[in-house]
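Fold and contact review
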Amino acid sequence: MDEFSLLTLLAVLTSAWIGGLLAKRLGYPAILGELIIGIILGPALLGWLAPSGMIDVLSEVGIILLMVYIGMEINFKDLGKASWPGLLAAIGGFIVPFILGYYTILHFGGTQMSAVFVAIAVAVTSLATKSRILVDLKLLNTRIAYVLMAGALISDTLALIIFAGIISYVDVGDIDTLGLLWVAGKAILFFIVTTLIGIYLLPLLGKYLRKANIKNRTLHFTLILILTFGFSELAEMAGLHSILGAFMAGLFIRDGIFDRQVSKEVNNIFHDVSIGFLAPIFFVSSGFHVTLDVFKTDLSLFISVIIVAIVGKIVGTALFYLPSGHGWREGITVGTGMNGRGAVEIIIAGIGLKMGIISNEIFSILVFMAIFTTLTVPVLLTWTTNWLRKRGELVEQDTRKGYLILGANPLGLYIAEILNQENEVTIIDANKEMLAQAQQKGLKTIHGNILEEETLEDANATEKQTFIALTGNSEINLLAAQLANDTFYIPQKIILFSPKKNSVNAKMLDKVDTFTMFANKTKLQPWVNKIDNKNFKEETLDATQKITAENWVESHQKSNKNVLPLFIVNKEGKKRLFHNKESIMPKEKVIYLT
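Residues numbered from 1 in each chain as written. Predicted model: local features only at pLDDT ≥ 70, side-chain atom pairs only at ≥ 80, totals over all residues. Heavy atoms only, no water.

**Focus: the overall build of the protein chain**
Quick reminder of the rule: For the purposes of this entry, the term helix denotes a DSSP run of H or I that reaches at least four residues, the term strand denotes a run of E that reaches at least two, and both are numbered from the N terminus. Radius of gyration: C-alpha atoms only; globule rule: 2.2 Å multiplied by the number of residues to the exponent 0.38. By definition, residues are in contact when any of their heavy atoms lie within 4.5 Å. In short, Shrake-Rupley with a 1.4 Å probe defines the accessible areas, and a residue's cover is counted only from the protein chains shown. His is not counted, nor are the chain ends, whereas Lys and Arg count as positive and Asp and Glu as negative. Positions of charges follow a simple convention, taking NZ of Lys, CZ of Arg, CG of Asp or CD of Glu.
Counting its secondary structure elements, the protein chain contains 23 helices and twelve strands. Rg of the C-alpha trace for the protein chain: 27 Å, near the compact-globule value of 25 Å for 594 residues, within the 12% margin. Taken along its principal axes, the extent of the C-alpha atoms in the protein chain is 85 × 60 × 50 Å. Once local pairs closer than 6 in sequence are excluded, the contacts in the protein chain between residues at least 24 apart make up 74%. Here the protein chain displays about 27200 Å² of accessible surface, and carbon together with sulfur accounts for 59% of that area. Side chains of the protein chain give 51 positive and 50 negative charges; the mean places of these two sets differ by 10 Å.

**Details of the side chain of H220**
Keep this limit in mind: Burial status follows relative accessibility: with a 1.4 Å probe on protein chains alone, a residue under 20% of its type maximum counts as buried, one over 50% as exposed, and anything between as partly exposed.
Among the structural elements, H220 can be located in helix α9 (residues 217–237). Relative accessible area serves as the criterion here: at 1%, H220 is assigned to the buried category. Apart from the residues within four sequence positions on either side, H220 is in contact with L209, I214, K215, F258, V262 and V266.

**Notes on the sheet that holds strand β1 (residues 403–406)**
Rules: A pair of strands is considered paired only if DSSP assigns at least 2 bridges between the two. All axes are obtained by fitting lines to C-alpha atoms, using only the stretch in contact for helices, and the reported angles, taken between N-to-C directions, cover 0 to 180 degrees.
What the six strands build is an open sheet, ordered β3-β2-β1-β4-β5-β6; its pairing is parallel. Two strands close off the open sheet at either side, each with one partner strand: β3 (444–447) and β6 (514–516). On average, each strand axis in the sheet is inclined to that of its neighbour by 20°, with strand direction left out of account. Across four bridges, the pairing between β1 and strand β2 (residues 425–429) is parallel. What sits directly across from I405, in β2, is I427. Together, β1, β2 and β4 (466–469) form the strand contacts of helix α17 (residues 410–419), whose direction differs from that of β2 by roughly 160°. The strands that helix α20 (residues 474–486) touches are β1, β4, β5 (492–495) and β6; relative to β5, the one it contacts most, it runs at about 175°.

**Let's talk about the nonpolar core**
For soluble globular proteins, nonpolar side chains are generally found buried alongside one another. Cut-off, in case you're wondering: Put simply, a nonpolar core is a bunch of buried Ala, Val, Leu, Ile, Met, Phe, Trp, Tyr and Cys residues held in one set by side-chain atoms that sit within 4.5 Å of each other.
Within the largest apolar cluster, 104 residues are counted, with the highest numbers of intra-cluster contacts made by M67, I120, F163, I243, F283 and I358. At eleven residues, helix α3 (residues 53–73) tops the list of elements feeding residues into this core. Setting aside residues up to four positions removed in sequence, F283 forms contacts with I31, E34, L35, L66, A343 and I346. Grouped together as the second largest cluster of nonpolar side chains are 33 residues, I415, V425, F518 and L564 included.

**Concerning the sheet that holds strand β10 (residues 575–577)**
One open sheet accounts for four strands, arranged β7-β12-β9-β10; its pairing is antiparallel. Of all the strands in the sheet, just β7 (538–542) and β10 have a single pairing partner and so form its edges. Each adjacent strand pair in this sheet contributes to an overall mean axis angle of 30°, direction not counted. In terms of strand pairing, strand β9 (residues 564–569) meets β10 through three bridges, oriented antiparallel. Among the inter-strand pairings, F567 is bridged to a residue of β10, identified as L577.

**Overview of the pattern of salt bridges**
One side chain can pair with another of opposite charge once the charged atoms of both are near each other. Where we set the bar: Salt bridges are identified by distance alone: a Lys or Arg side-chain nitrogen within 4 Å of an Asp or Glu carboxyl oxygen.
Taken as a whole and judged by the stated rule, the model has nine salt bridges. Two residues, E393 and R329, come together in a salt bridge whose shortest N-O distance is 3.0 Å. Placement of the pair is E393 in the loop between α16 (360–391) and β1 and R329 in helix α14 (residues 328–337), with a sequence separation of 64 residues. Here E393 falls in the partly exposed class, since its relative accessible area comes to 25%. For R329, a relative accessible area of 19% gives the class buried. A salt bridge links E588 to R576; its shortest N-O distance comes to 2.9 Å.

**Examining the packing of helix α15 (residues 343–354) against α16**
Quick note on the threshold: Working definition: roughly parallel below 35 degrees, roughly antiparallel above 145 degrees, roughly perpendicular at 65 to 115 degrees, and oblique for all remaining angles. Nonpolar residues are Ala, Val, Leu, Ile, Met, Phe, Trp, Tyr, Cys and Pro. Charged residues are Asp, Glu, Lys and Arg, and all others, Gly as well, are polar.
Across the interface, α15 lies against α16 with an axial gap of 10 Å and an inter-helix angle of 175°. On the basis of the axis angle, α15 is roughly antiparallel to α16. Each of E345, I346, A349, G350 and L353 in α15 lies in contact with α16, whose residues at this interface are N360, F363, L366, V367, M369 and A370. For the contact of α15 with α16, a count of residues per class yields eight nonpolar, two polar and one charged.

**A few points about helix α23 (residues 549–558)**
Since the α-helix advances by 3.6 residues per turn, residues separated by three or four positions end up pointing in the same direction. Applied cut-off: Working definition: the arc comes from the directions between the helix axis and the C-beta atoms, pointing outward to the latter.
Those residues of α23 lying buried are A549, W552, V553 and H556. What you see down the axis of α23 is that its buried residues fit within an arc of 95°, all on one side. Against the buried residues of α23 lie β7, β8 (547–548), β9, β11 (583–584) and β12 (589–593).

**So, the packing of aromatic side chains**
Applicable threshold: Ring geometry is summarised as follows: Phe, Tyr and Trp rings, the Trp one being its six-membered ring, pair when their centres sit within 6.5 Å, and such pairs are stacked at plane angles under 30 degrees, edge-to-face over 60 and tilted between the two.
On inspection of all chains with the given rule, the structure shows twelve aromatic pairs. An angle of 90° between the planes, with centres 6.1 Å apart, marks the rings of F302 and F368 as edge-to-face. Residue F302 is found in helix α13 (residues 299–321), and its partner F368 is found in helix α16; the two are separated by 66 residues along the sequence. Accessibility expressed as a relative area gives 13% for F302, which makes it buried. Looking at F368, the relative accessible area reads 13%, which means it is buried.

**Quick word on the side chain of T125**
Within the fold, T125 resides in the loop between α5 (112–123) and α6 (130–136). You can call T125 buried: its relative accessible area is 0%. Leave out the neighbours within four places in its chain, and T125 touches A152, S155, D156, K313, M338 and G340.

**Side note on the environment of W48**
Tracing the backbone shows W48 in the loop between α2 (30–41) and α3. Its relative accessible area of 64% is what places W48 among the exposed residues. Each C-alpha atom, one on W48 and one on V569, is 65 Å from the other, the two residues being 521 residues apart in sequence. Apart from the residues lying within four places of it in its own chain, the contact partners of W48 are L41 and G42.

**What about the environment of M338?**
Looking at the secondary structure, you find M338 in the loop between α14 and α15. In contact with M338, not counting residues within four places along its chain, are A89, A90, T125, L148, G151, K313 and T317.

**Some details on the packing of helix α1 (residues 6–25) against α2**
Rules: By the definition used in this description, the sense in which the near helix is turned from the far one sets the handedness, with an anticlockwise turn below a right angle giving left-handed and a clockwise turn giving right-handed.
Axis separation between α1 and α2 bottoms out at 7 Å; the angle between their running directions is 130°. Considered as vectors, α1 and α2 are oriented oblique to each other. Two packed elements cross with a definite hand, and for α1 against α2 that hand is right-handed. Across from S15, A16, G19, G20, A23 and K24 in α1, the residues of α2 making contact are A30, G33, E34, I37 and L41. The residue inventory of the contact of α1 with α2, partitioned by class, reads five nonpolar, four polar and two charged.

This is the structure we're talking about:
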């Protein structure tokens, strides 16, 4: 093994940071930049960095921890949201490129085993950028968003199952039927044992730690590492690869097993160690094994794999999506979203290279395929979703419901009572006395600091459609909206924008896709006093022509009328909140206070 070199480690980490930062600035996942910077600085181009024993060891640990994190990210509830269409898209997006990739390699003279490895890599779907892209394109509350998330989960799971079988076979070579049954039996036994540990033993361990009031972060972090490497060793004993064990460990490290606060802190540390330290080393070093000779000696194979990967994924998804009844255009859109490859594909390709199943040339092709297909996702998904929007075929999926209102003041409670007639409302405030008043009105309440994620978790923020911030502090309102947007992806955020001098401006609201409540800067306290003293009137006004919410407010200000518009009511009697991006249509009504 090479001598440990801090300089080499520093160079690799610095390269990873620069590449990842540039990629994220362009709206792509960090892995893309890390791969590219590895190719540029590695033997393929500049030759400034090269593989070493130390880097290989750290990469190996990085793969294991990365697979734990991937397992931790999987939420099986997402599969239920997509249901039948998600399953169809996932199967079509996996089977078609798998078959095409397999026969492409055979056609060019590759072995059956290398063909299977390439087929898996081509068939995998990586949605490393899914949340960010879906947020940027305002797709989180659409049907295709849930189909895409389900497709990625099912695709990765299918890939790892097939990968497990291949590794078992490769480990023993040509075997008879009895030997094949023994290999399959060991793999099945591994999944049974790890599942039993995850379902029964881990919750007991968590219960004991909570009962003993053990909240030491270091201890919990060590336990997660022991669990990870223990599962990885079990996988190796069963003739599988360690990444399968790490993946299974990640599936069972969930909120609820350990104390929630400690678990969150430890998971954050785990994320930083794996995603911020070890995994980037693996992806940068993967670029070291890339050779540019493929553009000279294997150009036709390279082009064929790229075409098979893109066409197979999009066409396969669209074809299998047809029985869902949602149309071929939506199927193509889902296919473009599932076209990216990423961590799982590179990991599988790297293992194939290390085991001698695929050559450096094939590995290089798979790396470039991952880079190129990932680059296409934002471009193609933007084009296809705009296509659906123009045709009126972009379907919203009403899985998120209800309102979260920050501020149990009289104005907040007044609005909450009206909204609660049609949908569930949860009031959040740090003042227990004000929350008691909300409870008397039959409203659901959460006590806590709005800037702490735990408070929004307690309020089931991931299930809510709208977040409303009605405090007199614009900075707090904006920070809360930003948390609701970035962490919980709440589709609609509306905040009270105070006319007081502060650091908040309209551009800041636009960055987090947040609207201004009442379509104007509003002083909270005068209206709180009016409602508290019952010195107000609720009135309605019919609209005779289309008018924007901002123009409506402006016209009343010119008449020197002090009004507070709350809701717009359509012809069916359904209310929607009055904010600066709204428009009032003819025959609609505005409910306002004077």
